[in-house]
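Understanding the architecture of this molecule
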Amino acid sequence: MEGIGDFMQMNMVKSLNNALDIILRDNENAILLGEDVGKDGGVFRGTDGLFDKYGEKRVVDTPLSESAIVGTAIGMALGGMHPIPEIQFAGFMFLSFEQLVNHAARYRSRSRGDYSVPMVVRTPVSGGVKALEIHSESPEAFYSHIGGLVVVEPSNPYDAKGLLISAMKLDDPVIFLEPTKLYRLFKQEVPEESYEVPIGKASKVREGNAITIITYGTMVNVVSDVVSKKGTDAEIIDLRTINPLDESTILESVKKTGRAVVVHEAPTSFGVGAEVAARIAEKAIFDLSAPVVRVAAPSFFYPFPGYEEYYLPNEVKISKAIDKVLSA
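Let me sum up the structure you'll find in this document. Because the structure is predicted, anything quoted here is derived from the model rather than measured. (Residues numbered from 1 in each chain as written. Predicted model: local features only at pLDDT ≥ 70, side-chain atom pairs only at ≥ 80, totals over all residues. Heavy atoms only, no water.)

1. Thoughts on the packing of helix α8 (residues 219-230) against helix α12 (residues 315-327)
- Contact pair α8 / α12: the axes reach a minimum separation of 10 Å and the direction vectors enclose 60°. Looking at the two axes, α8 sits oblique to α12. Crossing angle aside, the handedness with which α8 passes α12 is right-handed. Judged by residue contacts, Met219, Val222, Val223, Asp225, Val226, Val227, Lys229 and Lys230 of α8 engage Glu315, Ile318, Ser319, Ile322 and Asp323 from α12.
- For the contact of α8 with α12, the per-class residue count stands at seven nonpolar, one polar and five charged. (Axes fitted to C-alpha atoms, helices over the stretch in contact; angles between N-to-C directions. Helix = DSSP H or I, 4+ residues; strand = E, 2+ residues; numbered from the N terminus. Parallel < 35°, antiparallel > 145°, perpendicular 65-115°, else oblique. Left-handed = near helix turned anticlockwise from the far one by under 90°. Contact = heavy atoms within 4.5 Å. Nonpolar A, V, L, I, M, F, W, Y, C, P; charged D, E, K, R; others polar.)

Here you go:
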């Protein structure tokens, strides 16, 4: 990070707001659109102050229609603009699923490379904040199953800003998932100026030799706390980008440690953990000393707020999984 300039203490909301400010400043084709992103500054204030700074033609309040927001953004992208639509909550984004899957994801292939859809769809995801079910979804597996979509989920303010700026450099549609619980959970030193965190490259949060723990989003801090309290010689990998998956970093670590646990907040069945475990089994099975274990939510919809502590992975569940793999 040498030569990057001055740093500020920022939480994730502030770092994303700072990134959007830089993007609007540096890219005249960039435009923000969504419900309440203008005068109100977004439901979580991620776009706060940008309406006054850049005006109603660059920061656009839209009707309450997720399909229209994403559909309009696709048209803007095809027309030479670089839109950043915001969907207020991940559960609302299902209303725009058809636009994303049948149009945004396929346009480059459908046009044989003549057209691309450069846009970044931002939405809060995941739970732990006592919100209603459709405000707490973890939909990364849905969108990662679609070949034409890039899926990103940061775990800290520094990565959030750098990944968002990097996402705007791509010519393909990006689903940018922002864990709600992390918006204001902690602050971090973040450069004030522009910088990039590479898309498709995982981060090695902690070096270790006894076991590899692969995780992302809200679970990165939880896993780190468990490992620190237990004193486990664990290597922790934060995926940061879900699709494309940084397979090489995962396999390199697992081949070194011989043991692996995958932790995520989304449901267990057909999730990111299943994909990671399958790739390890296909390409590193003879390096394993124990089966891969997944720690994730039960395979049903998100519960009412009073029950989420039983639904979500926690320190106890993660600790037991680590013990199970180390003792095998």
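2. Overview of the packing of aromatic side chains
- Within this structure, the stated rule accounts for nine aromatic pairs.
- Ring centres 5.0 Å apart and planes at 45° place the aromatic pair phenylalanine 44 and tyrosine 183 in the tilted group. Here phenylalanine 44 is found in the loop between β2 (30-34) and α2 (50-54), whereas its partner tyrosine 183 is found in the loop between β7 (174-179) and β8 (188-191), with 139 residues between them in sequence.
- Under the relative-accessibility criterion, tyrosine 183 is labelled buried at 4%.
- Ring plane angle 20° and centroid distance 4.6 Å describe the contact between tyrosine 158 and tyrosine 195, whose orientation is recorded as stacked. Within this pair, whereas tyrosine 158 is found in helix α7 (residues 157-167), its partner tyrosine 195 is found in the loop between β8 and β9 (203-206), the two being separated by 37 residues in sequence.
- Of the residues examined, tyrosine 158 reaches a relative accessible area of 16% and is grouped as buried.
- Tyrosine 195 sits in the buried class, given a relative accessible area of 5%.
- Over the face of the ring belonging to tyrosine 107 we find arginine 110, whose NZ or CZ atom lies 5.6 Å from the ring centre. (Phe/Tyr/Trp six-rings, centres within 6.5 Å; stacked < 30°, edge-to-face > 60°. Buried < 20%, exposed > 50% of the residue type's maximum accessible area, 1.4 Å probe, protein only. Lys NZ or Arg CZ within 6 Å of the ring centre and 35° of its normal.)

3. Overview of unusual backbone geometry
- Note that the residue after asparagine 243, namely proline 244, is joined by a cis bond; omega there is 5°.
- For arginine 112, which is not glycine, the phi torsion reads 55° and is therefore positive.
- Here arginine 112 shows up in the loop between α5 (107-110) and β5 (120-125).
- For arginine 112, a relative accessible area of 70% corresponds to the exposed category.
- Phi angles above zero are rare outside glycine, and serine 126 is one such case at about 70°.
- Position of serine 126 relative to the elements: it lies in the loop between β5 and α6 (140-144).
- Judged by relative accessible area, serine 126 falls into the buried class, the value being 2%.

4. Describing the packing of helix α3 (residues 66-78) against helix α4 (residues 97-104)
- Packing of α3 against α4 leaves a shortest axis separation of 8 Å and a crossing angle of 25°. Relative to α4, α3 is oriented roughly parallel. Contacts between α3 and α4 involve Ser67, Val70, Gly71 and Ile74 from the former and Gln99, Leu100, His103 and Ala104 from the latter.
- Taken together, the residues of the contact of α3 with α4 break down into four nonpolar, four polar and no charged.

5. A few points about the pairing of β2
- Burial of β2 is extensive: five of the five residues sit out of reach of the surface.
- Across the two faces of β2 the burial is the same, with Ala30, Leu32 and Gly34 and Ile31 and Leu33 all buried.
- Pairing of β2 with strand β3 (residues 59-61), which is carried by three bridges, proceeds in the parallel orientation. What sits directly across from glycine 34, in β3, is aspartate 61. (Pairing = 2+ DSSP bridges.)

6. Overview of helix α10 (residues 272-284)
- Helix length check: α10, at 13 residues, gives a terminal C-alpha distance of 17 Å against a target of 18 Å (1.5 Å per residue), a fit within 8%.
- Among all positions in α10, only Val272, Gly273, Val276, Ala277, Ile280 and Ala284 are buried. Looking straight down α10, one finds its buried side chains confined to an arc of 130°; they lie on one side.
- The inward-facing, buried residues of α10 abut α6, β10 (211-215), β12 (241-243), α9 (247-257), β13 (260-267) and β14 (293-297). (Expected span 1.5 Å × (residues − 1). Arc of directions from axis to C-beta.)

7. What about the side chain of serine 96?
- Structurally, serine 96 is set in the loop between β4 (82-86) and α4.
- Those residues in contact with serine 96, other than ones at most four positions away along the chain, are Glu66, Ser67 and Val70.

8. Structural notes on the environment of serine 269
- Along the chain, serine 269 falls in the loop between β13 and α10.
- By relative accessible area, serine 269 is classed as partly exposed at 39%.
- For the pair formed by serine 269 and glycine 41, sequence separation is 228 residues and the distance between their alpha carbons is 36 Å.
- Separated by 2.7 Å, the side chains of serine 269 and serine 299 make a polar contact. (Polar contact = N/O pair within 3.5 Å; in protein donor to acceptor, adjacent residues only side chain to side chain.)

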